[in-house]
Amino acid sequence: MKITNDIIYVGVNDHEVDLFEGQYRVPNGIAYNSYVIIDDKVAIMDTVDARFTNAWLTNIREVLGDRAPDYLVIQHMEPDHSSSITALLAAYPEVVLVASAKAFGMMKGFYGVVQGERHRAVNEGDTLALGKHTLQFYTAPMVHWPEVIVSYDIADRVLFSADAFGKFGALDVSDEWVTEARRYYIGIVGKYGAQVTALLKKLSVLDVSIICPLHGPVLTEDLASYISLYATWASYGVEKEGVVIAYTSVYGHTKQAAEQLGELLRKKGCQVELYDLARADMSAAVAAAFCYSKLVLATTTYNAEIFPPMREFIHHLIERNFRARTVALIENGSWMPTAAKHMRAMLEPCRDLTFTETSVKILSALNEESEAALQALAEELA
């Protein structure tokens, strides 16, 4: 696949993986993207997961023929992008490795590769001349590891963005970019909004026409919309007005309350998404909480605290700097409801949360009193 006349895609699709990074469901697989820049000198941009090394090397040979690459640029050391380094060195022993100093430190730990005379450490603003093409490097620490760099090809105005602007899903599957990119961003990069904002500020002075991420499709049109979404996610801003109802239920009574509240809100014109946290994709539920302006947490009292999937959900929110949202609480308990108290205490580290005046207490099952509270809560949220 040609990106430009001189930049060619040599990545691979992975439909074998079920959990990306051991936790994120990827029913449509994942792409490990790698690119070749052909000029007076040849540069390969990143490698692929070791399970696909042979396919990747075949792609490179089909593009280069008998020609050997001069450089391998390693932007990110996570093994899904770096674990074919040693295979490339075996195939092309004269290749020069280009990476950040921190990346070379990690290379020794992962693969026993020690920085030597054929290795070039680059920093902020450094360049690599290939001929007509020149790569300029920008550091991107904690987007989402500390060694990350991104590369800008001045000639073709192409940004090689490492994990930024990536998404779940192989390239031979059609799905909505925003949904899977949001789930990818919030799950993997979401904690590091300040660092993403700093990178976006650096990139704002560049004239970018194409974005080549390490996962997901190459972005060639309406780049401003992608950058705007990233700016919203990085600043923890509200992407959509609406209500996420995240609930757990043991015998169905809390589920009934969550669904009833959802119907009340929809009748008032609100956009609503419901997630049964014991069954839903947790990363999708977390991403939705960051997407919408309001969040309802509904759970049972369990072992004098809260039901475990709800605790896990709130932990994910806290770890990713959940903030600046309206939150409502619904608790259920047959003899001593304490779930609301524990949920509110867990959320204390989150900044700028506004809790609704109305909360709902269910004593085992809905009755006139708790149904009236649901009505009042729907009024307040709407």
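What comes next concerns the included structure.

## As for the environment of Gly29
In step 1: One can find Gly29 in the loop between strand E4 (24-25) and strand E5 (30-32).
In step 2: The buried category is assigned to Gly29, whose relative accessible area is 2%.
In step 3: Put simply, Gly29 and Thr47 are 18 residues apart on the chain and 18 Å apart in space, counted from C-alpha to C-alpha.
In step 4: If sequence neighbours within four positions are ignored, Gly29 has contacts with Asp14, His15, Val17, Phe168, Gly169 and Ala170.

## Remarks on unusual backbone geometry
The bulk of non-glycine residues show a negative phi, and the bulk of peptide bonds are trans.
In step 1: The residue after Val143, namely His144, is reached through a cis peptide bond having omega 5 degrees.
In step 2: Tracing the backbone through its elements, the reader meets His144 in the loop between strand E12 (134-139) and strand E13 (149-153).
In step 3: Positive phi values are uncommon outside glycine, yet Phe165 reaches one of about 65 degrees.
In step 4: Within the secondary structure, Phe165 sits in the loop between strand E14 (158-160) and helix H5 (177-189).

## Details of the pattern of salt bridges
In step 1: Under the criterion given, the structure shown has 16 salt bridges.
In step 2: A salt bridge links Glu379 to Lys268, with the shortest nitrogen-to-oxygen separation between them at 2.7 Å. Taken together, the positions of Glu379 in helix H12 (residues 368-381) and Lys268 in the loop between helix H8 (253-267) and strand E17 (272-276) put the pair 111 residues apart, joining distant regions of the chain.
In step 3: Judged by its relative accessible area of 51%, Glu379 falls in the exposed class.
In step 4: One salt-bridge network, held together by shared partners, links Asp14, Glu16, Asp49 and Arg51.

## A word on the sheet that holds strand E9 (residues 96-99)
In step 1: In space, the 6 strands of this open sheet follow the order E1-E6-E7-E8-E9-E10, with mixed pairing throughout. The open sheet has two free edges, formed respectively by strand E1 (7-9) and strand E10 (119-121), since each of these has just one partner strand. Neighbouring strand axes in the sheet, compared pairwise and without regard to direction, differ in orientation by 20 degrees on average.
In step 2: Across 3 bridges, the pairing between E1 and strand E6 (residues 35-38) is antiparallel. Of the residues in E6, the one forming a bridge with Ile7 is Ile37.
In step 3: Sitting on the sheet, helix H1 (residues 53-64) touches E1, E6 and strand E7 (42-45), and the angle it makes with E6 is about 20 degrees.
In step 4: Set on the sheet, helix H4 (residues 101-111) makes contact with E9 and E10; between it and E9 the angle comes to about 120 degrees.

Conventions and cut-offs
Residues numbered from 1 in each chain as written. Predicted model: local features only at pLDDT ≥ 70, side-chain atom pairs only at ≥ 80, totals over all residues. Heavy atoms only, no water. Helix = DSSP H or I, 4+ residues; strand = E, 2+ residues; numbered from the N terminus. Buried < 20%, exposed > 50% of the residue type's maximum accessible area, 1.4 Å probe, protein only. Contact = heavy atoms within 4.5 Å. Salt bridge = Lys/Arg side-chain N within 4 Å of Asp/Glu carboxyl O. Pairing = 2+ DSSP bridges. Axes fitted to C-alpha atoms, helices over the stretch in contact; angles between N-to-C directions.

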